[in-house]
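Coordinate inspection notes
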Amino acid sequence: MDSDERLIALLRADEFVSGEAIAEALGISRAAVAKRVDRLRERGFAIAAAPRRGYRLDGTPDALTADVVAGKLTTAWLGRAWRHEASVASTNDEAAAWARAGAPAGAVVVADEQTRGRGRLGRRWHSPPGASLYLSAVLRPPLAPHRVPPLTLAAGVAVAEALVAFDVVPALKWPNDVLLDGKKVAGILTEMSADLDRVHHVVVGIGVNLNVDAFPEELIAIATSLQIARGAPVSRAEFAAALCARLEHWVDQFVADGAVAVVAAWKQHARFFGKRVSVTAGRDRMDGIAEDLDDDGALKLRLDDGRVQRIVAGELAI
Ligand code: BT5
């Protein structure tokens, strides 16, 4: 913990803590406590001060810093190592670098802005500053590399459940899109470093449009935000903590029991079954009716000649 974090941890929301007690706990003078309180206020913390009674924490800023999020996290391991950056190229790159340098399982990188946010296949993820969530989690699942792909579905369920907690009704689109009112509110980019038989680490990158009120021309028709869908902004830190809790749950579930429960939960949020879709996989394109997901998360597509084709990876257009 840095010195701000230690001070925040000492402050309480329900009662005053005396300046003397804080000074003693931190091993600094009371004048130094007052200075640190001022510094926190500059960062957006609301701290009441009363003579002889001390200080009380009345509000935390909507920052994604470790000290703000830690107070909201309910997880055992996911997000317990936390790095916040104002601006990075891509949080997935930062998380991968941290993973190579030894980050523990569950380490999370968040940024206020990405200058080169990535989608799949080299596409861009629009990542304006301050309003959304760009989060990448380092996972070290004890799985063979070919068993890793359903982690993307686990992340999709986690995003969907976090959104439900914020009073909206999401729809999942295979394999990695989360929609609100038919438009994309979140995307997931899962990247892995592995040998043939061993996973070094997996980075699950999640972008969620939270308090975005307008999109650039090319995204207007296809993108939305949680704020647009529910008509009011949300706390980014609250959302991040809710997402981490659901992600931890589904990753634990997947590692313990395999993909079946994850796939079943994922299907409950899917709204495209029974519809006619086109699937692009590499150079191939197939049309048919999206029928179901297999137990391992593969899409089952009923082709026009009646055959059912299993598709492990691809792009789906409805
Ligand atoms: C995705 O790719 O949906 C994965 C997006 C993952 C973003 C996160 S943010 C944290 C982490 N760090 C990163 O660098 N990436 C991850 P894909 O299925 O390829 O969809 C990309 C397409 O979505 C683009 O081609 C646009 O059409 C559309 N798009 C781009 N930005 C968007 C946005 N902010 N909201 C909705 N749609 C967007």
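Predicted, not measured: the structure shown is a model, and the values here were computed from it. (Residues numbered from 1 in each chain as written. Predicted model: local features only at pLDDT ≥ 70, side-chain atom pairs only at ≥ 80, totals over all residues. Heavy atoms only, no water.)

**Comments concerning the pairing of strand β9 (residues 199-208)**
How we decide: Residue exposure (1.4 Å probe, protein chains only): buried if accessible area is under 20% of the type maximum, exposed if over 50%, otherwise partly exposed. In this text, helices come from DSSP runs of H or I with a minimum length of four residues, and strands from runs of E with a minimum of two, each type numbered from the N-terminal end. Being paired, for any two strands, means DSSP has found at least two bridges between them.
Taking burial as the measure, the 10 residues of β9 include 9 buried ones, the bulk of the element. Bridge count between strand β8 (residues 183-194) and β9: 9 bridges; the pairing is antiparallel. From the neighbouring strand, Leu189 faces β9, where its bridge partner is Gly205. From the end of β8 to the start of β9, which pair antiparallel, there are 4 residues.

**Quick notes on the packing of helix α6 (residues 150-165) against helix α8 (residues 236-257)**
As a reminder of what qualifies: Note on geometry: axes are C-alpha line fits, over the in-contact stretch for helices, and angles between N-to-C directions span 0 to 180 degrees. By definition in this entry, angles of less than 35 degrees are roughly parallel, angles greater than 145 are roughly antiparallel, angles of 65 to 115 are roughly perpendicular, and the rest are oblique. Note on convention: near helix rotated counterclockwise from far helix by under a right angle means a left-handed crossing. Clockwise means right-handed. Between two residues, a contact is recorded if the distance between any of their heavy atoms is within 4.5 Å. Asp, Glu, Lys and Arg are counted as charged, while Ala, Val, Leu, Ile, Met, Phe, Trp, Tyr, Cys and Pro are counted as nonpolar; the rest, among them Gly, fall into the polar class.
Put simply, α6 and α8 touch, their axes get as near as 8 Å, and they point 140 degrees apart. Relative to α8, the element α6 lies oblique. Of the two possible hands of crossing, α6 and α8 adopt the one that is right-handed. Here Pro150, Leu151, Ala154, Ala155, Val157, Ala158, Val159, Glu161, Ala162 and Leu163 of α6 lie close against α8, whose contacting residues are Phe239, Ala242, Leu243, Arg246, Leu247, Trp250, Val251 and Phe254. Counted by class, the contact of α6 with α8 contains 16 nonpolar, no polar and 2 charged residues.

**A word on the sheet that holds strand β11 (residues 284-293)**
Pairing is antiparallel in the open sheet, where 5 strands are placed in the order β13-β12-β11-β10-β14. Each having just a single partner strand, β13 (308-311) and β14 (315-317) make up the two edges of the open sheet. Across the sheet, the mean angle separating the axes of adjacent strands is 45 degrees when strand polarity is ignored.

**Comments concerning unusual backbone geometry**
Between Trp174 and the following residue, Pro175, the backbone shows a cis peptide bond with an omega angle of -5 degrees. Turning to its location among the elements, Pro175 is positioned in the loop between β6 (171-173) and β7 (177-180). Although it is not a glycine, Asp167 adopts a positive phi angle of roughly 70 degrees. A positive phi angle, near 50 degrees, is found at Asp181, a position not held by glycine. Take Asp181: it is sitting in the loop between β7 and β8.

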